Amino acid sequence: MRLSPVTWYVTAICAAAVVCVAVQDWSVFATFSAQDYWGFGTLVLLGLAAEQQALDIKVGGNSSGHSIAFLPLLTIVFLFGSAPGVLFWIIGGPVAEYVIRRKQALRANFNIGQYVLSTAVAGLAFDFLSGDALALNPAVTSGLILKQLGPFVLFGVIFLVVNNTSVAGVIALSQGVSFQRTWRDLVGISGANVLLDMLIAPIAIAVAALYMQIGAVGLLLAILPLFFIRFSYQTQQKLSLANADLLKALVKAIDTRDPYTSGHSVRVSYLAKRIAEELGLPAARVERIETAALLHDIGKIEAVYSEILAKPASLTHEERAIIESHVTRGEELLRNLSSVPTEVVKAVRHHHEREDGAGYPDGLLGDEIPLGAKIIVACDSIDAMLSDRPYRDALPVSVVREQLHKHAGQQFDHRVVRAVMDSDLLGDYAEVMAMSMDGLVPELEARAAVRPLRATTGGYSHGRGNRAVS
């Protein structure tokens, strides 16, 4: 049986992890006192508790999870060195992946292997530069703590870089996407996500210092409050998820009223995401624009809008005013939901503005219009032109290109038009239109979803224990 590239990749990661386990200096445990064993065991249990309390957020076809297991790991390395850090994953990894998370073998083995590999590689740098484990040194001084800071920070950075690189590789292979783009999404612009993950390091230092003063009880006193904070955050995220599900249901209800616009919002969201990526926007901003595009017609939920839109004759001045009010109605609805970012609300309000100032509701001109709204107005028009209407058939892609070029600088932003023209977005989108017309909207919904958290990772863990489980 021929193995897939993903299976070969996971096998290589796991083999490298086994080698790392074999070359560890396990003699360090011979110097452990009874208190050190209690401390290490407590941190392992806290790591498993962190996995148990991970936030599970369903996104499209996956669920994204976030835990604080990185904190016990950093504390172990700071106190005991790198080999106990590797053992932390050897013990906790299988329990977390197979018992708590109940993942498929391939994903579980990869996650365990890459965590062991990341810890071992980062531990080499820590041990080389440090040489002293804080809890195992009989003459602990503030000078030793200061000496440990540099190696400790370097450990965290190397761990996150190896971790995210491993995950980017498996995602690129399994989903057929660019490694560079996946790496950029995981690490963030200029490594911003790695730096954010490292903000937890001072907490680990404080926890380690408390352990040195009062032992394993100090670990509980320091870390347990974080779990209470996590529980509160989890409750908030469940509310955000409920709001997201409600919004998606409303969007689907709006789109299914008219057979000519069925799936419209999902398609516009998909295209908006592609254009935002072509413009090189950060992953977090791409998601907000994608969400705004999905919700751009949310204000049409009231029946009066569908009645007017179904009217075969020309609209009166009063009817046109009602139709135009859907942007402000959408804004009002979304502002009442605290989980919806301000950028999304503004994009929904202004998605009918024009570059020349002739749009509505505020007649904004050029750079006054939010970029998300500029992208949505182009996507909205493209979808309309490529759709069948009662009064005409869908326009050919070549005609759509002509219309975009003709109205660039008047109705559409030049940058958005260039992003469409300089890529094969229109050709790809024509295929998406065909999928939607064939009733394959669920597949598109998995690509275009309201996302309360950052992008999912297809079942593989990275960073502080962030993961996505199919």
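The structure this text deals with has already been given above.
Residues numbered from 1 in each chain as written. Predicted model: local features only at pLDDT ≥ 70, side-chain atom pairs only at ≥ 80, totals over all residues. Heavy atoms only, no water.

Visitor: Just to check I follow, could you spell out unusual backbone geometry for this structure?
Guide: Trans peptide bonds make up most of the peptide bonds, and negative phi angles are found at most residues other than glycine. In the segment running from Y360 into P361, the intervening peptide bond is cis, with an omega of 15°. Inspection of the secondary structure puts P361 in the loop between α16 (342-349) and α17 (371-385). One non-glycine residue, R102, lies in the positive phi region at around 55°. Along the polypeptide, R102 turns up in the loop between α4 (82-100) and α5 (105-129). Since its relative accessible area comes to 70%, R102 is described here as exposed. (Helix = DSSP H or I, 4+ residues; strand = E, 2+ residues; numbered from the N terminus. Buried < 20%, exposed > 50% of the residue type's maximum accessible area, 1.4 Å probe, protein only.)

Visitor: Which parts of the structure should I look at to understand the pattern of salt bridges?
Guide: When their charged atoms lie close together, side chains carrying opposite charge are able to pair. Taken as a whole, this structure holds 13 salt bridges when the rule is applied. In this structure, D362 and R349 form a salt bridge, with 2.9 Å as the shortest nitrogen-oxygen distance. With a gap of 13 residues between them, D362 in the loop between α16 and α17 and R349 in helix α16 connect regions that are remote in the sequence. A salt bridge links K374 to E355; the nearest nitrogen and oxygen atoms lie 2.6 Å apart. Here K374, found in helix α17, pairs with E355, found in the loop between α16 and α17; they are 19 residues apart in sequence, far enough to count as distant. Judged by relative accessible area, E355 falls into the buried class, the value being 13%. (Salt bridge = Lys/Arg side-chain N within 4 Å of Asp/Glu carboxyl O.)

Visitor: Any chance you could explain helix α2 (residues 34-52) here in plain terms?
Guide: Since the α-helix packs 3.6 residues into each turn, any two residues three or four apart lie on the same face. Here α2 spans 27 Å end to end across 19 residues, near enough to the 27 Å set by a 1.5 Å rise per residue. Listed in full, the buried residues belonging to α2 are D36, G39, F40, T42, L43, V44, L46, G47, L48, A50 and E51. (Expected span 1.5 Å × (residues − 1).)

Visitor: Explain the packing of aromatic side chains to me, please; I cannot follow it from the model alone.
Guide: Geometrically, a pair of aromatic rings is defined through the distance of the ring centres and the angle of the planes. Summed over the entire model, instances satisfying the criterion amount to 13 aromatic pairs. For the pair F29 and F40, a centre-to-centre distance of 5.8 Å together with 80° between the ring planes defines the contact as edge-to-face. Of this pair, F29 sits in the loop between α1 (5-22) and α2 while F40 sits in helix α2, and the two are eleven residues apart along the sequence. Like F29, the residue F40 is buried in the burial classification. Ring plane angle 5° and centroid distance 6.2 Å describe the contact between Y115 and F159, whose orientation is recorded as stacked. Highlighted residues: Y115 in helix α5 and F159 in helix α6 (residues 142-175), separated in sequence by 44 residues. According to the relative accessible area criterion, F159 is buried, its value standing at 1%. Three or more aromatic residues link up through ring pairs in this structure, and these residues are F70, F88, W89, Y115, F126, F155 and F159. (Phe/Tyr/Trp six-rings, centres within 6.5 Å; stacked < 30°, edge-to-face > 60°.)

Visitor: Would you mind going over a nonpolar patch on the surface with me for this structure?
Guide: Taken together, V95, Y98 and V99 make up a surface patch of nonpolar side chains, about 240 Å² in accessible area. Looking at the secondary structure, you find V99 in helix α4. Residue V99 is classed as exposed on the basis of its relative accessible area, which comes to 53%. (Patch = residues over 30% accessible without salt bridge, like charges linked within 9 Å, V, L, I, M, F, W, Y side chains within 5 Å. Areas by Shrake-Rupley, 256 points an atom, 1.4 Å probe, with all protein chains shown as cover.)

Visitor: When you look at the packing of helix α12 (residues 283-294) against α17 in this model, what are you seeing that I'm missing?
Guide: Axes are the key here: two packed helices are described by the angle between their axes and the distance separating the axes. Following both chains from N to C, one finds α12 and α17 inclined at 50°, their axes separated by 10 Å at the closest point. By the criterion of interaxial angle, the relationship of α12 to α17 is oblique. Judged by the sense of rotation from one axis to the other, the crossing of α12 with α17 is right-handed. Residues R285, I289, A292 and A293 of α12 lie in contact with α17, whose contacting residues are L371, G372, I375 and I376. Residues belonging to the contact of α12 with α17 are distributed by class as follows: six nonpolar, one polar and one charged. (Axes fitted to C-alpha atoms, helices over the stretch in contact; angles between N-to-C directions. Parallel < 35°, antiparallel > 145°, perpendicular 65-115°, else oblique. Left-handed = near helix turned anticlockwise from the far one by under 90°. Contact = heavy atoms within 4.5 Å. Nonpolar A, V, L, I, M, F, W, Y, C, P; charged D, E, K, R; others polar.)

Visitor: Even after reading the chapter, I still don't get the nonpolar core, so can you show me in this structure?
Guide: In a soluble, globular protein the nonpolar side chains are often hidden away together inside. Among the nonpolar cores identified, the biggest contains 50 residues, and F80 and F159 are the most heavily contacted of them. Of all the secondary-structure elements, those providing two or more residues to this core are α1, α2, α3 (70-80), α4, α5, α6 and α9 (201-214). Counting 40 residues, the second largest nonpolar core, distinct from the first, contains I275, L295, V344 and I382. (Core = buried A, V, L, I, M, F, W, Y, C linked by side-chain atoms within 4.5 Å.)

So, to be careful, I would describe these as geometric facts and stop short of saying anything about function.
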